[in-house]
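What follows is each chain in one-letter form.
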Amino acid sequence: MATLMLGGALAFMTVSYPPPGLRPGRSASKAWRTISRANSILQPGDTVLIFGGKYREAIAPVRSGTAPTKISYRAAPGETVIIESAGQLIDLRRKSYITIEGMTFRNPAQGWGEIQEGSYNELIGNRFIGNGRGSGTAYSGLYLFDNSSYNRIMNNVFENWGDKQTRWGDMVALCWGADRNLIEGNRFINAGHSLLAI
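Residues numbered from 1 in each chain as written. Predicted model: local features only at pLDDT ≥ 70, side-chain atom pairs only at ≥ 80, totals over all residues. Heavy atoms only, no water.

Caption draft 1: The overall build of the chain, seen in detail. Regarding its fold elements, the chain presents 1 helix and 19 strands. Evaluated residue by residue, the chain yields a buried proportion of 53% over its 198 residues. Partitioning the intrachain contacts of the chain with sequence separation of at least 6 by distance along the chain shows that 64% fall at a separation of at least 24. Only carbon and sulfur atoms are counted for the fraction: they give 50% of the accessible area of the chain, which is about 8900 Å². (Helix = DSSP H or I, 4+ residues; strand = E, 2+ residues; numbered from the N terminus. Buried < 20%, exposed > 50% of the residue type's maximum accessible area, 1.4 Å probe, protein only. Contact = heavy atoms within 4.5 Å. Areas by Shrake-Rupley, 256 points an atom, 1.4 Å probe, with all protein chains shown as cover.)

Caption draft 2: View of the sheet that holds strand S16 (residues 170-174). Taken in spatial order, the 5 strands make up an open sheet running S7-S10-S13-S16-S19, and their pairing is parallel. Among the strands making up the open sheet, the edge pair consists of strand S7 (88-91) and strand S19 (194-197). Strand-to-strand twist across the sheet, computed as the mean angle between neighbouring axes with direction ignored, equals 10 degrees. Direction of pairing for strand S10 (residues 111-116) relative to strand S13 (residues 140-145): parallel, over a ladder of 4 bridges. Within S13, the residue paired with Gly 113 across the bridge is Leu 142. (Pairing = 2+ DSSP bridges. Axes fitted to C-alpha atoms, helices over the stretch in contact; angles between N-to-C directions.)

Caption draft 3: Inspection of the side chain of Asn 186 at higher detail. Among the secondary structure elements, Asn 186 is positioned in the loop between strand S17 (182-184) and strand S18 (187-191). Judged by its relative accessible area of 15%, Asn 186 is buried. At 2.8 Å, the side chain of Asn 186 and the backbone oxygen of Ile 153 are in polar contact. Those residues within four positions of Asn 186 in sequence are excluded, and the remaining contacts are Ile 153, Met 154, Asn 155, Asn 156 and Phe 158. (Polar contact = N/O pair within 3.5 Å; in protein donor to acceptor, adjacent residues only side chain to side chain.)

Caption draft 4: The environment of Ser 148, seen in detail. Structurally, the position occupied by Ser 148 is in the loop between S13 and strand S14 (152-154). Distance from Ser 148 to Glu 114, taken between C-alpha atoms, is 10.0 Å for residues 34 residues apart in sequence. Leave out the neighbours within four places in its chain, and Ser 148 touches Ile 115, Gln 116, Glu 117, Gly 118, Ser 119, Gly 177, Ala 178, Asp 179 and Asn 181. In this structure the side chain of Ser 148 is engaged in a polar contact, spanning 2.9 Å, whose partner is the backbone oxygen of Ile 115.

Caption draft 5: Seen up close, the nonpolar core. Ranked by size, the top nonpolar core spans 33 residues in total, and within it Tyr 73, Ile 83, Ile 100, Met 103, Phe 105 and Trp 112 carry the most contacts. With residues near it in sequence (within four places) discarded, Phe 105 still touches Ile 59, Ile 83, Leu 89, Ile 90, Ile 100, Trp 112, Asn 126, Arg 127, Phe 128 and Ile 129. (Core = buried A, V, L, I, M, F, W, Y, C linked by side-chain atoms within 4.5 Å.)

Caption draft 6: View of the pattern of salt bridges. According to the stated counting rule, one finds 9 salt bridges in the structure shown. Of the charged contacts in the structure, one is a salt bridge between Arg 127 and Glu 159, with a shortest N-O distance of 2.7 Å. Residue Arg 127 is located in strand S12 (residues 127-132), and its partner Glu 159 is located in strand S15 (residues 157-161); the two are separated by 32 residues in the primary sequence. With a relative accessible area of 38%, Arg 127 lands in the partly exposed category. (Salt bridge = Lys/Arg side-chain N within 4 Å of Asp/Glu carboxyl O.)

Caption draft 7: Inspection of unusual backbone geometry at higher detail. Positive phi outside glycine occurs at Asp 146, with the angle close to 55 degrees. For Arg 167, which is not glycine, the phi dihedral falls at a positive 55 degrees. With respect to the helices and strands, the residue Arg 167 is situated in the loop between S15 and S16. Residue classification places Arg 167 among the exposed residues on the basis of a relative accessible area of 64%.

Caption draft 8: Main features of the packing of aromatic side chains. Under the defined criterion, the tally for this structure stands at 11 aromatic pairs. Between Tyr 143 and Phe 145 the ring centres are 4.2 Å apart and the planes differ by 15 degrees, which places this aromatic pair in the stacked class. With respect to class, Tyr 143 is no different from Phe 145; both count as buried. Their ring planes at 75 degrees and their centres at 6.1 Å tell us that Phe 145 and Trp 176 sit as a pair that is edge-to-face. On the criterion of sequence distance, the pair formed by Phe 145 in strand S13 and Trp 176 in the loop between S16 and S17 is long-range, its members being 31 residues apart. An aromatic cluster of at least three residues, connected via ring pairs, comprises Phe 105, Trp 112, Phe 128, Phe 158, Trp 161 and Phe 188. (Phe/Tyr/Trp six-rings, centres within 6.5 Å; stacked < 30°, edge-to-face > 60°.)

Caption draft 9: Expanded view of the environment of Arg 74. Following the sequence through the fold, Arg 74 ends up in strand S5 (residues 71-75). Taking C-alpha positions, Arg 74 is 9.0 Å from Phe 51, a pair spaced 23 residues apart along the chain. Non-local contacts of Arg 74, meaning those with residues more than four positions away in its chain, are made with Thr 47, Val 48, Leu 49, Ile 50, Thr 99, Glu 101 and Met 103.

Structure below.
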């Protein structure tokens, strides 16, 4: 298990096993500076602490965690982390046991994110800010579908998705076998069509 720290100028990971020199990217001298790098290397049990700044790349891990060893992406304590302008800001297609916590996701080119055929993922304490309806914008801001089950969407703020004048855009949508998901303690503000579509 390891903790990765990402920041504008410096990113480093501290580990207890194996020693830092044996796993590239896990020491200050071998720093990872992008979320994309972390996405490609993280293993079950790793936690990414992202330091304040704006990141223009998606959280899109290449592998899933496991029940006892999730992969976690978290804002470092006291830091403001903004992820923006990528196509999908969160890509959890066919991924399970991923936790994303404490960040702001805003102004995506397509949507805030998708969970497709993914289970036991957690989105906790994040803020999702839309940019209305643009060319290429997805109808749903956050989309859970294709048998995505047992995911937890908790204590987030979702705001400004779609176009109220044309009644276009669902803020959060669950469909096509998305079952047994927990949507709790969230705040929904200003959607074009519906705040929560099930």
